[in-house]
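Here's the letter readout for the chains.
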Amino acid sequence: MRELVHVQGGQCDNQIGTQFWEVISDEHGIDPIGTCHGDSDLQVERINVYNNEAIGGQRYVPRAILMDSELGTKDSVRAGLFGQSFRPDNFV
C-alpha cells in the first residue's frame, strides 16, 4: 500500500486543497470531523493512503501540510466544513 503526503501552499492551493479533501473524504465515507462511516470494503481498504488513524482508529486525519504566510487563509480553512479534520500541527 502506498501512503501519500499532500502539500498545499498559498491561498489558491489551500482553496483547491480544501475541495480535494472534501472529495477524498466523501469517497472514503469520512465525515467532516474525521469519523469513518464507509459501508463498502473498497472505501475502508485504502483509507490509509490519504489519512492517518487517530484515537485508536476512531478518527482519520488527512496526511497533509497546509502552508501560508497569511493567517486569514489558514483561518478560513479551519473554519471550513472539513477544517476540524486537520490536526493543528498540519498548519505551517
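Presented here is a report on the structure given in the accompanying data block. (Residues numbered from 1 in each chain as written. Predicted model: local features only at pLDDT ≥ 70, side-chain atom pairs only at ≥ 80, totals over all residues. Heavy atoms only, no water.)

Attention now goes to helix α1 (residues 10–27). Here α1 spans 25 Å end to end across 18 residues, near enough to the 26 Å set by a 1.5 Å rise per residue. Looking at the buried residues of α1, the elements they touch are β1 (6–9), β2 (51–54), β3 (59–62), β4 (64–67) and α3 (71–79). A positive phi of about 75° marks glycine 29, the residue just after α1. (Helix = DSSP H or I, 4+ residues; strand = E, 2+ residues; numbered from the N terminus. Expected span 1.5 Å × (residues − 1). Contact = heavy atoms within 4.5 Å.)

The subject of this paragraph is the environment of glycine 17. Tracing the backbone through its elements, the reader meets glycine 17 in helix α1. As for glycine 17 and glycine 72, which are separated by 55 residues in sequence, their C-alpha atoms are 16 Å apart. Residues in contact with glycine 17, not counting those within four places in the same chain, are His6 and Gln8.

What follows deals with the nonpolar core. Of all hydrophobic cores here, the largest spans seven residues; its members are Trp21, Ile24, Ala64, Leu66, Val77, Phe86 and Phe91. Looking at this core, the elements with two or more residues in it are α1 and β4. Contacts of leucine 66, omitting those with residues within four sequence positions, involve Gln8, Asn14, Val77, Phe86, Asn90, Phe91 and Val92. (Core = buried A, V, L, I, M, F, W, Y, C linked by side-chain atoms within 4.5 Å. Buried < 20%, exposed > 50% of the residue type's maximum accessible area, 1.4 Å probe, protein only.)

To continue, consider the environment of valine 49. Inspection of the secondary structure assignment puts valine 49 in the loop between α2 (41–45) and β2. Residues valine 49 and aspartate 75 lie 26 residues apart in sequence; the distance between their C-alpha atoms is 26 Å.

Within the secondary structure, aspartate 68 sits in the loop between β4 and α3. The buried charged residue aspartate 68 lacks any salt bridge partner; its closest oppositely charged side chain belongs to lysine 74, at an N-O distance of 6.8 Å. Of note is the side chain of aspartate 68, whose polar atom sits 3.3 Å from the side chain of threonine 73. (Lys, Arg positive; Asp, Glu negative; His and termini not counted. Salt bridge = Lys/Arg side-chain N within 4 Å of Asp/Glu carboxyl O. Polar contact = N/O pair within 3.5 Å; in protein donor to acceptor, adjacent residues only side chain to side chain.)

The next thing to look at is the pairing of β3. In this sheet, β3 lies alongside β2 in antiparallel orientation, the contact comprising four bridges. Residue alanine 54 lies in a different strand from β3, and its bridge partner there is arginine 59. (Pairing = 2+ DSSP bridges.)

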